[in-house]
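Next come the chains, spelled out residue by residue.
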Amino acid sequence: MSEEAEERRNLPVGFFDSGLGGLSVLKAALQLLPDENYLYLGDSANAPYGSRPVEEIRALTFTGIEKMRERGIKALVIACNTATAAAVTQVREKYPEMPVIGIEPALRPAVVRSRGGQIVVMATPMTLRQQKFQNLLHHFSDQAWITPLPCEGLMEFVEQGNLEGPELDEYFHTHLDPLVTDRLESIVLGCTHYPFLRPHLRRYFAGRKVDLIDGSEGTVRELRRKLAAKGMLRAGTEPGNLTLWNTAGPEMVDRSRRLLSMPTD
Ligand code: DGL
C-alpha cells in the first residue's frame, strides 16, 4: 500500500451533530469499528437545530463540516437526523470524493418487525416535516400504523445532562399520553439524542412490551460498507483514538465523555 493511502486510512472518521446526540451513534461505531480513529464535533453552541429554518441548518452543517475537514477526516457521518434531512444531498454534491453517511429515522426495521400494532416515530419537528421523512412515511403507510410525534424541546434534556426526573416524566406524559394507544408496539427514536433517554422511557412504559428502535447500528454498518468499498477501513495494530470537540467549549466536552459511558440500550 502506498504511503499516501496508508496516511488516508489513518485519518479519523468525522462525526457531526447539532450537539451531544451523535454520541449515541459514535458509541455504536466504537463497538463495531474499534480500529478507526474518530473526530466528533458537536455544535451545542447552535443547538437545537430542529426548530430552525432549513437554510440555517444547512449553513450550520456546512460550517461544522468545513471545520472538521480543516483538521482532516477521511469520511463523514452526519449523526443527526435533522441535519441529514436538511443537508445530506447538498453535502454529497459538494464533496463527491468523501464517503458521507447520514442517519434517518429507523422506520424500516420497525415496520419489518411489526405485528400490526402502533409505531410511534419521535423526532424533531424539522425531521418530520422534511420531504425525506415524508417519502419514508408514504412508502410504509399502507403496511403499518405509523404515528409521527414531533418532540420540540426534548433534545434539550440530553444537552443539559438531565436523563431522568419529574420534568422528563411530565414531558412524556404531555407528549406521549394523548397519542399512544393500547396497541403501541414500538417507538422509533428518530433523533440521535433520544437513545440516551432509553432507560427512562423504559421505566415510563414499565410493564408494557414496547420496542425502542434507533438507527445507530444501521448507520455504522453503512459506514463500514462504504469504507470497505473504497479500501479505506483501518486495520490498526493499535486501537483507534477519539477526539471530542464541541463548539460550546470544554464543559460540553466533559459532558460528552460522561455520556459516552452511559447506557443507550
Ligand atoms: N441529534 C439531532 C437529531 O438527530 C438533534 C436535533 C436538534 O438539534 O434539534 O435530529
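Heads up: these notes are all about the structure in this document. All of these numbers come straight from a predicted model, not from anything done at the bench.

On to a negative patch on the surface, then. Negative charge collects at one region of the surface, where Glu3, Glu4, Glu6 and Glu7 lie side by side. Mapping Glu4 onto the fold places it in helix α1 (residues 3-10). Judged by relative accessible area, which is 67%, Glu4 ranks as exposed.

This part covers the side chain of Ser256. Considering the arrangement of structural elements, one finds Ser256 in helix α12 (residues 250-260). Residue Ser256 is classed as buried on the basis of its relative accessible area, which comes to 2%. Residue contacts for Ser256: discarding those within four places in its chain leaves Leu20, Leu23 and Leu244.

Turning to the site of the ligand, a few remarks are in order. Neighbouring the ligand are 13 residues, the closest being Ser18, Tyr49, Gly50, Thr82 and Thr192. One of the backbone nitrogen or oxygen atoms of Asn81 is found 2.8 Å away from an oxygen atom of the ligand. The contact in question runs from a nitrogen atom of the ligand to an N or O atom on the side chain of Thr192, over 2.7 Å. Expressed as a share of its isolated accessible area of 300 Å², the protein-covered part of the ligand is 99%. Residue composition of the shell around the ligand, grouped by class: 5 nonpolar, 7 polar and 1 charged.

With that out of the way, let us pick up the pairing of strand β2 (residues 38-42). Buried residues dominate β2, accounting for 5 of its 5 residues. On β2, burial covers both faces: Tyr38, Tyr40 and Gly42 on one face and Leu39 and Leu41 on the other are all buried. As judged from the 5 bridges shared by strand β1 (residues 13-17) and β2, these two strands associate in the parallel manner. Within the sheet, the bridge partner assigned to Phe15 lies in β2 and is Tyr40. The parallel pair β1 and β2, bridged by helix α2 (residues 23-32), forms a crossover whose chirality is right-handed. Of the pairings in the sheet, the one linking β2 to strand β9 (residues 242-246) comprises 5 bridges and is parallel in character. From the neighbouring strand, Tyr40 faces β9, where its bridge partner is Leu244.

Thresholds, definitions, all that
- Residues numbered from 1 in each chain as written.
- Predicted model: local features only at pLDDT ≥ 70, side-chain atom pairs only at ≥ 80, totals over all residues.
- Heavy atoms only, no water.
- Patch = residues over 30% accessible without salt bridge, like charges linked within 9 Å, V, L, I, M, F, W, Y side chains within 5 Å.
- Areas by Shrake-Rupley, 256 points an atom, 1.4 Å probe, with all protein chains shown as cover.
- Salt bridge = Lys/Arg side-chain N within 4 Å of Asp/Glu carboxyl O.
- Lys, Arg positive; Asp, Glu negative; His and termini not counted.
- Charge placed at Lys NZ, Arg CZ, Asp CG, Glu CD.
- Helix = DSSP H or I, 4+ residues; strand = E, 2+ residues; numbered from the N terminus.
- Buried < 20%, exposed > 50% of the residue type's maximum accessible area, 1.4 Å probe, protein only.
- Contact = heavy atoms within 4.5 Å.
- Near = heavy atom within 4 Å.
- Polar contact = N/O pair within 3.5 Å; in protein donor to acceptor, adjacent residues only side chain to side chain.
- Nonpolar A, V, L, I, M, F, W, Y, C, P; charged D, E, K, R; others polar.
- Pairing = 2+ DSSP bridges.
- Right-handed = clockwise from strand over helix to strand, strands pointing away.

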